[in-house]
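Here are the chains, one letter per residue:
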Amino acid sequence: MRLTVYTDYALRVMMYLAVKHKSGELSTIDDIVAAYKISRAHVAKIVYDLGVNGMIVTVRGRMGGIKLACAPEDISIGAIVRSTEKDFAVVECHDANALVDCAILPFCNLKSGFKRAIDAFLSELDQMTLAASIKSMSSAAGALGLAGVQPVKVALPKSRAKPSDATPAPKRRAAAAPKRTAKKTAAK
């Protein structure tokens, strides 16, 4: 059995997001395309589908991007593969929609053997988390050009903050209101 290129790229997208997960930063499709040097159209389709399947969160807009919907430790490789692979028929006769012309089909017992093999394959993938699929997050970050990824310290809201762990949020300057000029019209 061979997984599709679509699944391969989806796993790469999820691994990229896993590497950046602790930093809290959003990623963009262009970031992923640049890191892996793969088709932007493919990545855009995969990101859309992963968002629809609830595996990633997408934020629209100028400052938008994508991130994992939950921690990499909580996502199984099996779940990703099931969401991207639509056909686990190993041979044509296992496809319910295929018209098969095989003389031995009524006497064949391969179907149940192949089903057990696929179930064992998926069971093994279910036991591996997205976090466990990456040997070293820091090495992976370097390979993806993300060597500077650092965890972000976020200030807790006052209701949940403890005196020892509150980090003050950076002060923001108020944006100056745009100057309005009235157009003068000459009276004739």
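First, a word on scope: everything that follows refers to the structure included in this document.

Cut-offs used in this document
Residues numbered from 1 in each chain as written. Predicted model: local features only at pLDDT ≥ 70, side-chain atom pairs only at ≥ 80, totals over all residues. Heavy atoms only, no water. Salt bridge = Lys/Arg side-chain N within 4 Å of Asp/Glu carboxyl O. Buried < 20%, exposed > 50% of the residue type's maximum accessible area, 1.4 Å probe, protein only. Helix = DSSP H or I, 4+ residues; strand = E, 2+ residues; numbered from the N terminus. Contact = heavy atoms within 4.5 Å. Axes fitted to C-alpha atoms, helices over the stretch in contact; angles between N-to-C directions. Parallel < 35°, antiparallel > 145°, perpendicular 65-115°, else oblique. Nonpolar A, V, L, I, M, F, W, Y, C, P; charged D, E, K, R; others polar.

**A look at the pattern of salt bridges**
For the coordinates displayed, the defined rule picks out six salt bridges. Close ionic contact of E25 with K20 constitutes a salt bridge, the shortest N to O distance being 3.7 Å. Relative accessible area serves as the criterion here: at 37%, E25 is assigned to the partly exposed category.

**What about the side chain of S83?**
Within the fold, S83 resides in helix α4 (residues 77-84). Beyond its immediate sequence surroundings of up to four residues, S83 is in contact with L50, N53 and M55.

**What about the packing of α4 against helix α5 (residues 110-127)?**
Where α4 meets α5, the axes come as close as 5 Å, and the angle between the chain directions of the two elements is 130 degrees. By the angle class used here, α4 and α5 are oblique. Note on element contacts: α5 touches α4 through L122, L125 and D126, opposite I77, G78, A79, V81 and R82. A breakdown of the residues in the contact of α4 with α5 according to their chemical character gives five nonpolar, one polar and two charged.

By themselves, these observations are geometric and do not establish any function.
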